[in-house]
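If you want the building blocks of each chain, they are given just below.
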Amino acid sequence: MNKRDICSYDYEELKEEMARIGEPPFRSRQIYEWLHVKLADDFQDMTNLSKKLREKLDGEYEIARVQMTERQISKTDPTEKFLFELWDGNMIESVLMKYPYGNSVCISSQAGCRMGCRFCASTIGGLNRNLTPSEMLRQIYQIQRLTGERVSNVVVMGTGEPLDNYDNFVRFIRMVSDEHGLHISQRSITASTCGIVPNIHRLASEGLQITLALSLHGATQEKRRQLMPVADKYHLEEVLEACDAYFRKTGRRVTFEYSLVAGVNDQPEDIRELTAILKERNCHMNLIPVNPVKERNYKKPNSKNALVFKNKLEKNGINVTIRRERGSDIDGACGQLRRRYAAANVRRNR
Ligand code: SAH
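Only a predicted model underlies this, so the values are computations on that prediction, with no experimental measurement involved.

Chemist: Help me understand unusual backbone geometry in this model?
Modeler: What you tend to see is this: most non-glycine residues have negative phi, and most peptide bonds are trans. The phi angle at L39 is positive, at roughly 55°, despite the residue not being glycine. When you line up the elements, L39 lands in the loop between α2 (25–36) and α3 (51–60). Overall, the relative accessible area of 5% leaves L39 in the buried class. In this structure, H183 takes a positive phi of about 60° despite not being glycine. Structurally, the position occupied by H183 is in the loop between α5 (166–176) and β10 (189–193). Take H183: its relative accessible area is 49%, and that puts it in the partly exposed class.

Chemist: Got a minute to help me understand the site of the ligand in this structure?
Modeler: Of all residues adjacent to the ligand, which total 19 residues, the nearest are F119, S192, S215, H217 and N291. With respect to the ligand, the side chain of S215 contributes an N or O atom lying 2.6 Å from an oxygen atom. Burial of the ligand by the protein amounts to 97% of the accessible area it has alone, namely 530 Å². At the level of secondary structure, the elements contributing two or more residues to the shell around the ligand comprise β10 and β12 (254–260). Residues that form the shell around the ligand fall into these classes: eight nonpolar, nine polar and two charged.

Chemist: Looking at this structure, I do not really get the pattern of salt bridges. What am I missing?
Modeler: In a structure, side chains of opposite charge can pair up when their charged atoms sit close to one another. Counting across every chain of the model gives 28 salt bridges. Across the salt bridge formed by E12 and K15, the nearest N and O atoms sit 3.7 Å from each other. Of this pair, E12 and K15 both sit in helix α1 (residues 11–20), three residues apart, which is roughly one turn of that helix. Residue classification places E12 among the partly exposed residues on the basis of a relative accessible area of 45%. Among the salt bridges present, the one from K98 reaches E149, with a minimum N-O distance of 3.6 Å. Taken together, the residues K98 in strand β5 (residues 90–99) and E149 in the loop between α4 (133–147) and β9 (151–156) connect sequence positions 51 residues apart.

Definitions and cut-offs
- Residues numbered from 1 in each chain as written.
- Predicted model: local features only at pLDDT ≥ 70, side-chain atom pairs only at ≥ 80, totals over all residues.
- Heavy atoms only, no water.
- Helix = DSSP H or I, 4+ residues; strand = E, 2+ residues; numbered from the N terminus.
- Buried < 20%, exposed > 50% of the residue type's maximum accessible area, 1.4 Å probe, protein only.
- Near = heavy atom within 4 Å.
- Polar contact = N/O pair within 3.5 Å; in protein donor to acceptor, adjacent residues only side chain to side chain.
- Areas by Shrake-Rupley, 256 points an atom, 1.4 Å probe, with all protein chains shown as cover.
- Nonpolar A, V, L, I, M, F, W, Y, C, P; charged D, E, K, R; others polar.
- Salt bridge = Lys/Arg side-chain N within 4 Å of Asp/Glu carboxyl O.

Interpretation in functional terms is not warranted from these geometric data alone.
Written out as C-alpha cells, the structure reads:
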C-alpha cells in the first residue's frame, strides 16, 4: 500500500489523524461511519463530504483493497466461500455460514501460514504475509455488502494463525466490536490458535471477552508433535496451563478443537488420554472429522466411529460436540482454505 491505511485507524486515532490534516472531530465521525458502518469502498461515495475533502482523502489515504474475485455457493449447506484479492495480488478466502441464530463469517488472519499442521491446506506453501486490521475487517464488510446479510458472529479460523499476527489481530477484535463500527459482541467472536503460549497469556490480559479455541488434535505431547510442528516449541503442559490462565482471567470457557484422523488419533487410548487432561477442566470440546486435503493422505473416521468416539467421551464427563461440516463441496470447510495469488499481475510486496 503506498498511501496510509485509513481503515486500520481506530475511532480515536482517526480523530487525531483528521486533526493533523486540519479536519474537525465531526468530520472524523462522519468518515469513520462511512468506513465502518456504511462500509464505503471509495472516498467518492462519501457524499456528505465536500468534493475537495474527498479528493484530499483520496490523495493521502487508501481504503484497503479486499476485492471479490470469486464467489462459490455450496449446494449442500447454506454456506458461501469468497475469494478476495488484496492490493499486492495476494488472495485470501473467507466463508459465510448461515445459521438459524444468525450469520457467521470465518475470516483469514494471514496470507498463507507458517505453522505447518500436517493435515491443513492453508499452510502448504508457507506464510506470505500478515493481514492488516483493515484487511481482516473488510472481509466481513465486503460479505455484508455483497450479500445484504447482517453478520452477527465472527470466527477467526480461516487461513493463518491469529496469534502469529498478534497486534493486528487484537486491533481487529477491538475495532469489529467497537460501538462506532459494526459493534459485533465480543462474546460472538471466536479465535482459534494452534497454541502460541506467550501470546495466549498476553491475550488473557487484554480485557477481551472473546472465546478462545485451542487446536489440540492430540492428547499427549507425542501425539500432538506428530500432527503439529508448533508442539516442538510449546509443550502440551504449557499450552494447557495457558488455556487455564485464559479461563481464570476472562471467565470465558475455552473450546478444544480436535480433528479426528482415522487410525491416528481416534483410538481407545486417545479417549483415555483426552479424558485425563480434560475431565477436570471447565471446557468444551469440538470434534472435527478431518476434511480431505488433496496433498495429504489423512482420512476421517466413518461417521459411526466418530459418533462412538464422541459418546465415550461424553460418558466420561466431557462436554463434547461433533462440528457439522460446512461447505466441503466448495473446499470451504476447516483446513481446506489455501494460499493463492492473482493468476496474472502478481505484484510483490513493496
Ligand atoms: N491457525 C489456527 C486457525 C486455523 S483453522 C489454528 O490452528 O487453530 C481452524 C481449525 O481447523 C483448527 O483447529 C485446525 O487445526 C483445523 N483444521 C485444519 N485442517 C483441518 C482439516 N483438514 N480438517 C479438519 N480440521 C482442520
